[in-house]
Amino acid sequence: SVADSYSDPIPIAVIGGTGLQSLPGFTQVANLNVSTPWGATSSPIAVLHHPSPTTGKPIPIAFLSRHGLHHELAPHEVPARANMAALRSIGVRAVIAFSAVGSLQEDIKPRDFVVPDQVIDRTKGIRPFTFFEGGMVGHVGFADPFDSQLGDVVRKLGHSLEGDGVRLHDKGTIICMEGPQFSTRAESNMYRSWGGSVINMSVLPEAKLAKEAEIAYQMVCMSTDYDCWHDSADVTVEMVMGHMKANSENARRFIGGVLDELSKEEHTDLIHAKHLVGQTKFGGSIT
Ligand code: ADE
């Protein structure tokens, strides 16, 4: 059995997407049920201990399963505000978020990883998407939806795994659609004409809320299909799950490597988001 509380701040979190409901191979030391003004999180937050590669000292990592422990939440049902507020409240200032994506480009093959740098919002405005309402007015810049410093750490690590069969694309534009239905063929082709690289249903509002909460946020995409624009078979849930499962070992190594890298002393400022503090007037008020 594991503890139901953890006393130290936990600066780094991993959000697992479809096919990554848990992180086997890491030692779990606590399981947190955090309540927030925005309700309960998608899943309890698992606190894992990751040994620092330099000192061997355990570094705490928070892990949250976006779609619930048993994949029971559709993308439009994910309580993103509760998730981000809960993570912030336990000290999280850097989030690596994983997501299964469809590929909109021939060169991005199933099981390739993409570390995107841009987003196009095709959600329908039905998901609660901001902390700034009900008397608290605020605006944040969203020109660059991901944290480039965190992104660079992730890219460097991803490339170091390339010899082991990992293919990594250094940038890309994610189309975030509403779902839960997949796109029509006409939409899929339109997204390609817009310059979309990959498509998912999950980067928003997560990335917007991270900005508002001054959390450094980077998504890591794993391609699971060619959506429906491509000559190969149209996307199905089985296809997405199959590739995720087959590639879960690479995903786990990717995460382990990123955590190793982030645990290094030189990234202390980054994982405490020192470069973001004061960018919004939200400041520390959701902690
Ligand atoms: N997630 C994985 N594959 C997808 C696709 N083709 N469209 C939207 N979301 C996805």
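As a reminder, the structure under discussion sits directly above these lines.
Conventions adopted
- Residues numbered from 1 in each chain as written.
- Predicted model: local features only at pLDDT ≥ 70, side-chain atom pairs only at ≥ 80, totals over all residues.
- Heavy atoms only, no water.
- Near = heavy atom within 4 Å.
- Polar contact = N/O pair within 3.5 Å; in protein donor to acceptor, adjacent residues only side chain to side chain.
- Areas by Shrake-Rupley, 256 points an atom, 1.4 Å probe, with all protein chains shown as cover.
- 1 Å grid on protein atoms, 1.4 Å probe; cavity = no way out; pocket = protein on both sides within 12 Å on 5 of 7 lines; lining within 4 Å.
- Sits in = over half its atoms within 2 Å of the grid points.
- Helix = DSSP H or I, 4+ residues; strand = E, 2+ residues; numbered from the N terminus.
- Nonpolar A, V, L, I, M, F, W, Y, C, P; charged D, E, K, R; others polar.
- Buried < 20%, exposed > 50% of the residue type's maximum accessible area, 1.4 Å probe, protein only.
- Salt bridge = Lys/Arg side-chain N within 4 Å of Asp/Glu carboxyl O.

## A word on the site of the ligand
Around the ligand, a shell composed of 13 residues is seen, among which Ala-100, Val-101, Gly-102, Asp-225 and Asp-227 lie nearest. Contact distances for the ligand include 3.4 Å between a nitrogen atom and a backbone N or O atom of Ala-100. Burial of the ligand by the protein amounts to 94% of the accessible area it has alone, namely 260 Å². Structurally, the ligand is housed in the largest pocket. Listed by contribution, the elements that provide at least two residues to the shell around the ligand are β7 (94–103), β12 (198–200) and β13 (216–225). At three residues, the largest contribution of residues to the shell around the ligand is made by β7. Taken together, the residues of the shell around the ligand break down into eight nonpolar, three polar and two charged.

## Description of helix α1 (residues 80–89)
Burial analysis of α1 places nine of its ten residues in the buried class, the great majority of the element. Those residues of α1 that fall on the buried side of the exposure criterion are Ala-80, Arg-81, Ala-82, Asn-83, Met-84, Ala-85, Ala-86, Leu-87 and Arg-88. Note on α1: the residue one or two positions beyond its end, Gly-91, has a positive phi of about 105 degrees.

## Observations regarding the pattern of salt bridges
Here the structure, examined in full by the defined rule, presents 13 salt bridges. The partner of Arg-66 in a salt bridge is Glu-206, and the shortest N-O contact between them spans 2.7 Å. Of this pair, Arg-66 sits in the loop between β6 (58–65) and α1 while Glu-206 is found in helix α4 (residues 206–212), placing the two residues 140 residues apart along the sequence. Residue Arg-66 is classed as buried on the basis of its relative accessible area, which comes to 2%. Residue Lys-274 is joined to Asp-269 by a salt bridge in which the shortest nitrogen-to-oxygen separation is 3.5 Å. Residue Asp-269 is classed as partly exposed on the basis of its relative accessible area of 46%. Beyond isolated ion pairs, a larger network of salt bridges with shared partners links Asp-107, Asp-112 and Arg-167.

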